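Reading the structure
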Amino acid sequence: MSPVNKNSAKYAGLRPLILGTICSVLFPRAISAQPVATRPKAANVTSKEAEARRHFKQGREFLDADAYSEAIAEFETALSLMPLPELLFNIAQAYRLKGDAKHALQMYARFVEVIPEGQIADEARAHIAVLTKEIEAAKQDADAIEVARRQHDTEREERAHQRRIGEIVLGVAGALAVTGAVLASTGEGGGVRSA
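Heads up: these notes are all about the structure in this document. (Residues numbered from 1 in each chain as written. Predicted model: local features only at pLDDT ≥ 70, side-chain atom pairs only at ≥ 80, totals over all residues. Heavy atoms only, no water.)

Further remarks concern the packing of aromatic side chains. The way to describe two aromatic rings as a pair is by their centre distance and the angle between their planes. Counted by the stated rule, this structure contains three aromatic pairs. Residues F56 and F75 carry aromatic rings whose centres are separated by 5.8 Å and whose planes lie at 40 degrees to one another, so their mutual orientation is tilted. One end of the pair, F56, is in helix 4 (residues 42–64); the other, F75, is in helix 5 (residues 68–81), and 19 residues separate them in sequence. Of the residues examined, F75 reaches a relative accessible area of 0% and is grouped as buried. A centroid spacing of 5.7 Å and a plane angle of 65 degrees characterise the contact between F89 and Y108, whose relative ring orientation is edge-to-face. One end of the pair, F89, is in helix 6 (residues 85–98); the other, Y108, is in helix 7 (residues 101–114), with 19 residues separating them in the sequence. For F89, a relative accessible area of 9% gives the class buried. (Phe/Tyr/Trp six-rings, centres within 6.5 Å; stacked < 30°, edge-to-face > 60°. Helix = DSSP H or I, 4+ residues; strand = E, 2+ residues; numbered from the N terminus. Buried < 20%, exposed > 50% of the residue type's maximum accessible area, 1.4 Å probe, protein only.)

Right, here's the structure in full:
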């Protein structure tokens, strides 16, 4: 067998597979088992992609202008049109820069769930670590403030209670003093009366 015939025989079994692949690429409607009516139209996908890109671009412009709430809204709209995981990262960035650590942490975590590997996932994990520490520190600060507020309220209530007791004592002492003066002036104080 000649070398040419040897190679022909070697790849002879692949010919139908190669031919089928080429036909499915060149003539997708002829080979497709799905009815044409249920397939998405290319124009609809393209317009959806274009709208998503427009919202993404507007979101980037808002992000660059430090308009974080507006950037978040635009990125979320783009995400609803085209569910790309990278948009989760952009939303997380906007929340972080806005100072909303809780929502930023949630969005970074969602991003890492979808894309657990890669440089951006590593960056997201680094942000998650920092934000987790910030949230914990803020919680500790809030707890300390709450404890101080309760202690202040207790001390204020105690001072108010002491004032009320003092006012009562002064009121009773004043009443006794007045009663004693009245009794002394009328001579009913038990003292000796002269005739």
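Still to come is the rest of the account.
The contact between helix 7 and helix 8 (residues 119–186) brings their axes to 9 Å, and the two run at 150 degrees. Looking at the two axes, helix 7 sits roughly antiparallel to helix 8. The interaxial crossing formed by helix 7 with helix 8 has left-handed handedness. Only I120, A121, A124, R125, H127, I128, L131, T132, E134 and I135 of helix 8 make contact with helix 7, whose side of the interface consists of A101, K102, A104, L105, Y108, A109, F111 and V112. Across the contact of helix 7 with helix 8, the residue classes tally to 13 nonpolar, two polar and three charged. (Axes fitted to C-alpha atoms, helices over the stretch in contact; angles between N-to-C directions. Parallel < 35°, antiparallel > 145°, perpendicular 65-115°, else oblique. Left-handed = near helix turned anticlockwise from the far one by under 90°. Contact = heavy atoms within 4.5 Å. Nonpolar A, V, L, I, M, F, W, Y, C, P; charged D, E, K, R; others polar.)

This next bit is on the environment of R149. Positionally, R149 belongs in helix 8. What makes R149 partly exposed here is its relative accessible area of 40%. Separated by 2.5 Å, the side chains of R149 and E146 make a polar contact. (Polar contact = N/O pair within 3.5 Å; in protein donor to acceptor, adjacent residues only side chain to side chain.)

This part covers the environment of E61. Inspection of the secondary structure assignment puts E61 in helix 4. Among the residues examined, E61 registers a relative accessible area of 41% and is labelled partly exposed. A sequence separation of 13 residues divides E61 from E74, and the C-alpha atoms of the two residues are 9.9 Å apart.

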